[in-house]
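# Architecture at a glance
For reference, the chains in residue letters:
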Amino acid sequence: MLDGNKKEMEETKEQDKVEISMEEIEGHTISPVAQVAPKEQSQSRLARVGRRFKSTAFMRFMVWLIKRVMLILWPTKIFFKERFNIEGRAVVTCNHYGSFDTNPIINAFYKKKPVSILLKKELMEKDDFKARFLDEIGGIPVNRHQADITAIKRALKALNSDQQLIIYPEGTRNRKDTKQMGKIEEGTAMFAIKAKAPIVPLMYYRCTKWYRKNYLLVGHPFTLEEFYDDKSPDVKKKATAKIVDEYAKLRKEIDEIVEVYKGSEKKYKKAHGIK
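Quick summary incoming for the structure in this document. Treat the numbers as computed from the prediction; the structure is a model and nothing was measured.

What counts, and at which threshold
- Residues numbered from 1 in each chain as written.
- Predicted model: local features only at pLDDT ≥ 70, side-chain atom pairs only at ≥ 80, totals over all residues.
- Heavy atoms only, no water.
- Helix = DSSP H or I, 4+ residues; strand = E, 2+ residues; numbered from the N terminus.
- Buried < 20%, exposed > 50% of the residue type's maximum accessible area, 1.4 Å probe, protein only.
- Contact = heavy atoms within 4.5 Å.
- Areas by Shrake-Rupley, 256 points an atom, 1.4 Å probe, with all protein chains shown as cover.
- Core = buried A, V, L, I, M, F, W, Y, C linked by side-chain atoms within 4.5 Å.
- Pairing = 2+ DSSP bridges.

## Topic: the overall build of the protein chain
- Within the protein chain, the regular secondary structure consists of eight helices and seven strands.
- Across the 275 residues in the protein chain, those meeting the buried criterion constitute 52%.
- Taking all contacts inside the protein chain whose residues are at least 6 apart in sequence as the whole, residues at least 24 apart take part in 78%.
- Here the protein chain has roughly 14,200 Å² of accessible surface; of this, 53% comes from carbon and sulfur atoms.

Dropping the structure here:
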């Protein structure tokens, strides 16, 4: 009986391991993500992968409070929420304008389940309170200037545990507030291929500003399955090109909804015969 339990524990530990070779991450920097905004915690919060601090009632209250304040300060209308229908693992990507881009995403789609969010490690080095706060909302600190093996393993472990990972594929904020996205880094494709996870693309219409209404479009989830068994040296480059094409479609769609149909999803659906 004891031998059986010991064997089961060893098998569980083996399943928890995340193997990754240097060849898969060498030559590109993993995309950092926004300075994140809080998410409402669920009963499964303690199951989140790799947390560094014990969850406390005070931190959970702060997350709850700040999230609601942000809803007032940065109002966002979301189009096609029904497309966000992935329950298991997924790489959730979004264009990146500002520090609080993550809040509308978390508030809309992660009220009842945990999520992991890649964020620049400098945010968790300023003070202990901020480090604990960001850990509470699911933050995974990543070194933006080199291939951060620890962050990569934690992100992949989250995906392999059927959690979802939020990442901003441009790798930095669009400080010019233009519609044109920056270069999409190959790290996004690497995560999706390694974990065999679908990608849920999101797009903001413009930069989020205090008390100015913004719009967020949910695109159709897609996979990079045609690259799962591709061992060619440029596989991440080819997969990233597909992500770029998907975002070009999203930009065209959100511009039409906001500029032609004045932000009316109902009118857009009617004009395009979408039920």
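After presenting the structure, the write-up continues.
## Focus on the nonpolar core
- Counting 41 residues, the largest nonpolar core has Phe 191 and Leu 224 as its most contacted members.
- Of all the elements in the fold, those that place two or more residues in this core are strand S4 (139-142), helix H5 (149-160), strand S5 (164-167), helix H6 (187-195), strand S6 (199-204), strand S7 (214-218) and helix H7 (235-260).
- The element contributing the most residues to this core is H7, with eight residues.
- In contact with Leu 224, not counting residues within four places along its chain, are Ala 189, Ala 192, Ile 193, Ile 199, Ala 239, Lys 242 and Ile 243.
- With 21 residues, the next largest nonpolar core counts Phe 84, Cys 94, Val 115 and Cys 207 among its residues.

## What about H6?
- Most of H6 sits inside the fold, with eight of its nine residues counted as buried.
- All of the buried residues along H6 are Gly 187, Thr 188, Ala 189, Met 190, Phe 191, Ala 192, Ile 193 and Ala 195.
- Looking at the buried side of H6, the elements it contacts are strand S2 (90-94), strand S3 (115-120), H5, S5, S6 and H7.
- One or two steps after H6, the chain reaches Lys 196, where phi turns positive at roughly 50 degrees.

## Description of the environment of Leu 123
- Along the polypeptide, Leu 123 turns up in the loop between S3 and helix H4 (128-136).
- Residues Leu 123 and Leu 134, spaced 11 residues apart in sequence, show a C-alpha to C-alpha distance of 8.2 Å.

## As for unusual backbone geometry
- One non-glycine residue with positive phi stands out, namely Asp 177, at about 60 degrees.
- With respect to the element layout, Asp 177 can be found in the loop between S5 and H6.
- Here Lys 262, not a glycine, exhibits a phi torsion of approximately 55 degrees, which is positive.

## Comments concerning the pairing of S2
- Burial of S2 is extensive: five of the five residues sit out of reach of the surface.
- Where S2 lies against S5, four bridges are found, and the strand directions are parallel. The residue bridging Ala 90 from the neighbouring strand is Gln 164, located in S5.
- Bridge count between S2 and S6: four bridges; the pairing is parallel. When the bridges of S6 are listed, Val 91 appears paired with Ile 199.

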